[in-house]
Amino acid sequence: MLIAADKFKGSLTAVEVAEHVTAGLRRAVPGLDVAAVPVADGGDGTVAAALAAGFTRHEARVTGPTGAPVTATFALRADGTAVVEMAEASGLQHLPGGVFAPLTATTYGTGELLLAALDAGATSIVFGVGGSATTDGGAGMLAALGARFLDADGQPVGPGGGPLRELATADLSGLDPRLARTGIVLASDVDNPLTGPKGAPAVYGPQKGADEDDVATLDAALAHYAEVLERAVGPKAAEYALAPGAGAAGGIGYGALVGLDAAFRPGIDVMLDVLGFGPALAKATFVITGEGSLDEQTLHGKAPAGVAAAARAAGLDVVAVCGRLQLPQEALDRAGIRRAYALTDLESDPARCMAEAGPLLERAAESLARDFLV
């Protein structure tokens, strides 16, 4: 049995999910051979998955999204591969008191975290983006890495996406030279462009506290930012603004594409490679995946869909566990998931379901084992 599940957000880490599923399976089938590869799709939880796969934990003190210092973690493997998660530095969880700052939240700390990875010896970086508090197009990140963004008076523009409307000149020539020698993969499940109706401000700004006026301000500011960058680095800046992934994590995807020469790949594909899923799958006869909510988003690049696709290609049965199930069986069938076991089927109260997720997951796994293994 191979367990390759993502976290149950707000309840269990991916490692804890695997532990509880294993306990439930063995309650029904004592001595069952179980292997686990906790997975992530590039968003929050990505570094934790890498650490569970044997990467070494590193910490750095960096600038949080509103300027207060935060401690951020990244993962590094002996071969020089680093996993850096932007939410560790610039995520919603670092907003003081949970108060949004849609116009001024900065990715500066993410740039500092990338520098820390380079200082620790990283020669290739998997850059997971998601869960951001920011909509600054990655300008803060690039500034921390040596870029200069100046207003008409020759002064640095303020932090966040809003002040980018005052941007007059951009200079990327001062970027840390090590970046040119470092392969960077932008790992994300978001393929939105930078601006427009499907851009970062319109689609994701409201999740970060942006009202209608803020969205309009941020969209215009990021469009202006792209125009200034086009003058600085050429046509590629305009092309990247329309590229899939540019709108990821408040446009930090754009900053990574245009400034770091990152290559965009679906997060789950990257992470399955990095976490050693392929060798584990080769030894498996049955696969269990899952995440907190199996819903329409799951089908668009989330971890369970990636796991199921790989397992189906290998001719293996896949079942899923989840906190709640919001997909009909036909959709599960199309994704290659034979059946899903939801904790809400065992406990209808959402608050209790989250508080008691571990024991409930063990019960669900025990039922799964009796249905498929006994």
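Up top is the structure.
Looking now at the overall build of the chain. When its secondary structure is counted, the chain shows 15 helices and 13 strands. For 374 residues, the compact-globule estimate of 2.2 N^0.38 gives 21 Å, and the chain sits close to it at 21 Å. Along the first, second and third principal axes, the C-alpha atoms of the chain reach 75 × 45 × 35 Å. When each of the 374 residues of the chain is scored for burial, the buried share is 55%. Accessible surface for the chain amounts to roughly 14900 Å². Of this, 51% is attributable to carbon and sulfur atoms. The distance from the centre of the 26 positive side-chain charges to the centre of the 44 negative ones in the chain is 6 Å.

The next point concerns the sheet that holds strand β12 (residues 317–325). Spatially, β2-β1-β11-β12-β13 is the arrangement adopted by the five strands of the open sheet, whose pairing is parallel. Strand pairing shows two members of the sheet lacking a second neighbour, β2 (35–36) and β13 (339–342), which therefore form its edges. Relative to β2, strand β1 (residues 2–5) runs parallel, the two sharing two bridges. Looking at β2, one finds that Leu2 is bridged to Ala35. Here helix α12 (residues 303–313) sits on the sheet in contact with β1, β11 (286–294) and β12, set at roughly 160° to β11. Packing against the sheet, helix α15 (residues 357–372) makes contact with β11, β12 and β13, and its axis sits at approximately 150° to β13.

A separate point is the side chain of Thr81. As for its placement among the helices and strands, Thr81 is situated in strand β5 (residues 81–85). Taking the relative accessible area as the measure of exposure, Thr81 reaches 10% and is therefore buried. Setting aside its immediate chain neighbours within four residues, Thr81 contacts Phe55, Ala75, Leu76 and Ser124.

Bringing the packing of aromatic side chains into the picture now. Scanning all chains against the criterion turns up three aromatic pairs. Within the aromatic cluster, the residues linked to one another by ring pairs are Phe149, Tyr225 and Tyr254.

Attention shifts here to the sheet that holds strand β9 (residues 183–188). Strand order in the open sheet formed by six strands is β3-β4-β5-β6-β9-β10, and the pairing between neighbours is mixed. One side of each edge strand has no neighbouring strand; the edge strands of this open sheet are β3 (56–63) and β10 (263–266). For this sheet, the mean inter-axis angle between neighbouring strands, taken without regard to orientation, is 30°. Sheet topology places strand β6 (residues 124–128) next to β9; five bridges connect them, and they run parallel. If you follow Phe127 over to β9, its bridge partner there is Leu186. The sheet contacts of helix α4 (residues 108–119) involve β3, β4 (69–76), β5 and β6, and relative to β3 the element is tilted by about 140°. Relative to the sheet, helix α10 (residues 267–274) contacts β5, β6, β9 and β10, its axis offset from that of β10 by approximately 85°.

We now examine unusual backbone geometry. The phi torsion of most residues other than glycine is negative, and most of the peptide bonds are trans. Here Ala249, not a glycine, exhibits a phi torsion of approximately 50°, which is positive. Tracing the sequence through the fold places Ala249 in helix α9 (residues 248–260). Phi at Asp261 is positive, roughly 55°, even though this residue is not glycine. Looking at the element boundaries, Asp261 is found in the loop between α9 and β10.

Across soluble globular proteins, nonpolar side chains show a tendency to be buried alongside one another. If you look at the biggest cluster of nonpolar residues, it comprises 56 residues, and the most contacted ones within it are Ile125, Phe127, Phe149, Tyr225 and Tyr254. Considering every element that reaches this core, the biggest residue donor is α9, with eight residues. Phe149 has contacts with Ala139, Leu142, Ala143, Gln155, Pro156, Val157, Leu167, Thr169, Ala170, Leu172, Tyr225 and Leu229, leaving out every residue within four places of it along the chain. With 40 residues, the next largest nonpolar core counts Val126, Ala303, Cys322 and Ile337 among its residues.

Conventions used here
Residues numbered from 1 in each chain as written. Predicted model: local features only at pLDDT ≥ 70, side-chain atom pairs only at ≥ 80, totals over all residues. Heavy atoms only, no water. Helix = DSSP H or I, 4+ residues; strand = E, 2+ residues; numbered from the N terminus. Rg over C-alpha atoms; globule rule 2.2 N^0.38 Å. Buried < 20%, exposed > 50% of the residue type's maximum accessible area, 1.4 Å probe, protein only. Areas by Shrake-Rupley, 256 points an atom, 1.4 Å probe, with all protein chains shown as cover. Lys, Arg positive; Asp, Glu negative; His and termini not counted. Charge placed at Lys NZ, Arg CZ, Asp CG, Glu CD. Pairing = 2+ DSSP bridges. Contact = heavy atoms within 4.5 Å. Axes fitted to C-alpha atoms, helices over the stretch in contact; angles between N-to-C directions. Phe/Tyr/Trp six-rings, centres within 6.5 Å; stacked < 30°, edge-to-face > 60°. Core = buried A, V, L, I, M, F, W, Y, C linked by side-chain atoms within 4.5 Å.

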